[in-house]
Amino acid sequence: STPPQEQEEEMAPAPALESLPLETRCPPFPLRQLNGFWLPEITLAAGVPALRARFTPRPTDVLLASFPKSGTTWLKALAFAARNRAAHPPSDPARHPLRRSNPHDLVRFLEVEFALAGGRSAAAAAALGDEFEALPSPRTIATHLPYSLLPERLRSGCRIVYVCRDPKDALVSTWLFTRKAAPAFGADAGGFAFREAFELFCEGRSICGPQWRHVREYWEESVRRPGAVLFLRYEEMLLAPRSSLRKLAEFMGCGFSGEEEEEGGAVDAIVELCSLGELKGAEVNRSGSGKLPIDNEAFFRKGGAGDWRNHMTPEMARRLDRIVDDELRGSGFAF
Ligand code: A3P
């Protein structure tokens, strides 16, 4: 049962939304600032309260966490494929669930889905809670929430894998994604210029921003509790996908068993199955959408490191790097 101190925290009333600072210049959502982070209003109004009330973490849960546009989709695919490789052998890609479902439908976002459901009705949020409850253990689930805004039961109640990405690439990816996805949320981001997105991002004003603070919190927790929080970098995963996958599987408690699986090519098969080219090319990701109201196709673009060079001047890049370096000083982490 939940210790009394945590029960108290879980029951603490959320601050009134209208009392929080508002930012309306970051499409597609109005953002509110809580504990220094900018989050969609709907996440604070419906997502986090429903998550607290309707989701019970299990010690066997693995929570995949990230700042948006930092490699979440890839991490979800890798974690799902590794965890379920006995039931769904990666050596048979044609019949693999990743060919029929977008990774976001196989590893689901907690506060995002609770925000959407809670925005519809209390009954929809309750039904979603039941859906999560019905998932067999061990569950793999995901969040974009900053560490400090996770319900205490989640922070202490499960293992966490965090993936971070160079903020310049995360910004570019966010800006392009926003322009594509905004209409699905009834917003128009056609006039949202990169220069404006850049200025706002530098002030920490973006969904889940400031990015560097998001990263720092999870980094520090991974240092404090290395057995409970695994910290990955998108760029390292690009350079060394096999060892990253091995590390991920090991941490999740489903490590690859030496010779047998290595020789059978399981690691290589999963890396290939989850590669950007394979996922992007799958019919399910070329058309249609899943549980999120966004076309599956929008989650797969160019990938890789350094696309920021096509959108930022060297001077802009230096400015953002300086902000991030300053903010990360003393943390032991640097990009
Ligand atoms: P770009 O916009 O730079 O191409 P997220 O999954 O957190 O939303 O992040 C999206 C970014 O990850 C996009 O970056 C997308 O192209 C890239 N991505 C998606 N699937 C990938 C995969 N399987 N391997 C590597 N990168 C991937």
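Here the structure is a predicted model, which is why all the values come from computation and not from measurement.

A.B. asks: Any chance you could break down the sheet that holds strand 4 (residues 62–66) for me, citing the residues and the numbers?
C.D. replies: Sheets are built from strands that pair by backbone hydrogen bonding, the pairs being arranged parallel or antiparallel. With parallel pairing, four strands are arranged side by side in an open sheet as 5-4-6-7. The sheet terminates laterally at strand 5 (140–143) and strand 7 (229–233), the two strands that pair on one side only. Put simply, the sheet's adjacent strands are angled 20° from each other on average, direction ignored. Of the strand pairs in this sheet, strand 6 (residues 159–164) and strand 7 are connected by five bridges, and their pairing is parallel. Following the sheet pairing, Val-161 is matched in strand 7 by Leu-230.

A.B. asks: Account for the site of the ligand, with residues named and values stated.
C.D. replies: Lys-69, Thr-72, Thr-73, Ser-173 and Gly-303 are the nearest of the 18 residues found near the ligand. Backbone polar atom of Cys-274 to a nitrogen atom of the ligand: 2.8 Å apart, as the coordinates give it. Here an oxygen atom of the ligand sits 2.8 Å away from a polar atom, N or O, in the side chain of Arg-301. Protein burial of the ligand: of its 570 Å² of free accessible surface, 97% is covered by the chains. At the level of elements, helix 3 (72–83) and helix 16 (276–281) are the ones that each hand at least two residues to the shell around the ligand. A per-element tally of the shell around the ligand places helix 3 first, with three residues. Of the residues belonging to the shell around the ligand, the class tally is seven nonpolar, seven polar and four charged.

A.B. asks: How would you explain the UniProt feature "domain: Sulfotransferase" (unreviewed entry) in the protein chain if you had to name every residue and give the values?
C.D. replies: Those places that UniProt annotates as "domain: Sulfotransferase" (unreviewed entry) correspond, in this numbering, to residues 59–332. For the annotated span residues 59–332, helix accounts for 53% and strand for 7% of the residues, and the straight-line distance between the end C-alpha atoms is 29 Å.

Cut-offs and rules
- Residues numbered from 1 in each chain as written.
- Predicted model: local features only at pLDDT ≥ 70, side-chain atom pairs only at ≥ 80, totals over all residues.
- Heavy atoms only, no water.
- Pairing = 2+ DSSP bridges.
- Helix = DSSP H or I, 4+ residues; strand = E, 2+ residues; numbered from the N terminus.
- Axes fitted to C-alpha atoms, helices over the stretch in contact; angles between N-to-C directions.
- Near = heavy atom within 4 Å.
- Polar contact = N/O pair within 3.5 Å; in protein donor to acceptor, adjacent residues only side chain to side chain.
- Areas by Shrake-Rupley, 256 points an atom, 1.4 Å probe, with all protein chains shown as cover.
- Nonpolar A, V, L, I, M, F, W, Y, C, P; charged D, E, K, R; others polar.
- UniProt positions renumbered as here; feature names shortened; annotations may be inferred.

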